[in-house]
Amino acid sequence: MANISITRVTDSRMSEVDFEHLGFGKVFSDHMFVSDYKDGQWQNHRIVPVEKMSMHPANMTLHYGQSIFEGLKASMGKDGTPILFRADKNIERLNLSAIRMCMPEFPFDVLMEGMKKLILIDKAWIPTAPGSSLYLRPFMFATDEYLGVAASTTYRLIVLASPSGVYYSKPVKLLAEDHYVRAVKGGVGEAKTAGNYAASLYPAKLAKQKGFDQILWLDGIYNKYVQEVGTMNIFFVLKDRVITPAEDGAILKGVTRNSIIQILRSRGIQVEEKLISIDEILDEYAKGNLVEMFGAGTAAVVTNVQSMTYKDKTITFAEDAWSLSTDLKNTINGLRTGEVEDTYLFTIRVEEPVQVG
Ligand code: COI
């Protein structure tokens, strides 16, 4: 068992929180898990009250962006036991991002235990309204103070816990972007690193000005092959199968994406992970084969697509077409709360003997 020290708050902030209007990522629980990397190892694992950090202006993250993160959810099970969804996959992905960004991997068992302890200590912060959850945000960043371009030699890892509601409260209108790109093969598209999100903001702002909610990114070489939405992976429901872009190093290895593929295949629905051109999508729609489109991500869960525009063409999906996505959303949310039996072994019940000090 990892050595994790615990310092509790003297007064909880919980009574100040309006749990009816949480929004996403705006409210933070009382405690956070923190660990520091120096002298070649992660050390001083601790759970402490959430507080502001002071930072030297030469902190390397501010200059060169060595910063990675994850997002995962804990929900309150029907029997009052918190349930963590696929934390193993998120820890694995954090470490893949760490390798790509030249940062030290974090010990799997320590992070798993740290998150479980944090959930148990802040158990009362897990919201119970439908679709809400305690969103965990593990993130790692450089802490050296140096202006030369190099990998930092020290880092900090923090896990924040944020009681949150739904990320997208309505179906989205997508713009398939034909000028700006999110990622290229061999780049950092697969890593969950801050810069990928920063790079998306300006094109997203332009898309919003044109009335769209999100961008559907196309590949960075041909500007033709569908990648992902940035906050979620993308699925296309055809009459006889479901297709989704294959993991090619440029798209995020989505945990919800992976869960959906497993769920669909277990139901005998054919899922193809492949190269998908935007023309193929328009063509399948024109032939009447494309019946539904949805996004999948931890925060977004399963989000219906209302329309997708590429250049001068728009395809639309009426609400009565959203049957598979609605079913998948209910399944994932049900697995998270224990209302749907977990035959996939996606969930982890967070209960003793995790000692909380
Ligand atoms: C998540 O789904 O957890 C994400 O990281 C997407 C987003 C909120 C950045």
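Residues numbered from 1 in each chain as written. Predicted model: local features only at pLDDT ≥ 70, side-chain atom pairs only at ≥ 80, totals over all residues. Heavy atoms only, no water.

## A closer look at the pairing of strand β9 (residues 172–176)
Piece 1. Buried residues dominate β9, accounting for four of its five residues.
Piece 2. By the bridge criterion, five bridges tie β9 to strand β15 (residues 301–310) in an arrangement that is parallel. Paired with V172 across the bridge in β15 is V305.
Piece 3. Relative to strand β10 (residues 214–216), β9 is paired through three bridges, and the arrangement is parallel. Residue pairing in the sheet places L174 in a bridge with Q214 of β10. (Buried < 20%, exposed > 50% of the residue type's maximum accessible area, 1.4 Å probe, protein only. Helix = DSSP H or I, 4+ residues; strand = E, 2+ residues; numbered from the N terminus. Pairing = 2+ DSSP bridges.)

## Focus: the site of the ligand
Piece 1. Surveying the vicinity of the ligand reveals the residues F69, G71, Y135, R137, Y167, K192, Y197, T231, T298 and A299.
Piece 2. One of the side-chain nitrogen or oxygen atoms of Y135 is found 2.5 Å away from an oxygen atom of the ligand.
Piece 3. With respect to the ligand, the backbone of T298 contributes an N or O atom lying 3.3 Å from an oxygen atom.
Piece 4. Protein chains shield 91% of the accessible area of the ligand, which is 280 Å² for the free molecule.
Piece 5. The residue inventory of the shell around the ligand, partitioned by class, reads five nonpolar, three polar and two charged. (Near = heavy atom within 4 Å. Polar contact = N/O pair within 3.5 Å; in protein donor to acceptor, adjacent residues only side chain to side chain. Areas by Shrake-Rupley, 256 points an atom, 1.4 Å probe, with all protein chains shown as cover. Nonpolar A, V, L, I, M, F, W, Y, C, P; charged D, E, K, R; others polar.)

## Considering a nonpolar patch on the surface
Piece 1. A surface patch of nonpolar side chains, about 400 Å² in accessible area, is lined by V181, V184, I221 and Y222.
Piece 2. Looking at where Y222 falls in the secondary structure, it is placed in the loop between β10 and β11 (233–238). (Patch = residues over 30% accessible without salt bridge, like charges linked within 9 Å, V, L, I, M, F, W, Y side chains within 5 Å. Salt bridge = Lys/Arg side-chain N within 4 Å of Asp/Glu carboxyl O.)

## A closer look at helix α3 (residues 108–121)
Piece 1. Taking 1.5 Å per residue, 14 residues should reach 20 Å; α3 reaches 20 Å between its end C-alpha atoms and fits that length.
Piece 2. Of all 14 residues that make up α3, 12 are buried, and the element is covered over most of its length.
Piece 3. Those residues of α3 that sit buried are V110, L111, M112, E113, G114, M115, K116, K117, L118, I119, L120 and I121. (Expected span 1.5 Å × (residues − 1).)

## Side note on the nonpolar core
Piece 1. Judged by nonpolar contacts, the single largest core of 42 residues is most densely connected at F33, L84, F106, L111, L136, M140 and L157.
Piece 2. Sorting the residues of this core by element identifies β2 (31–38), β3 (41–49), β5 (72–76), α2 (87–100), α3, β7 (133–142) and β8 (155–164) as the ones contributing at least two each.
Piece 3. Among the elements that line this core, the one with the most residues is α3, at eight residues.
Piece 4. Setting aside anything within four residues of it in sequence, one finds M140 in contact with W42, Q66, S67, I68, L94, A98, M103, P104, F106, Y155, R156 and L157.
Piece 5. Residues I276, L282, M293 and W322 belong to the second largest nonpolar core, which totals 26 residues. (Core = buried A, V, L, I, M, F, W, Y, C linked by side-chain atoms within 4.5 Å. Contact = heavy atoms within 4.5 Å.)

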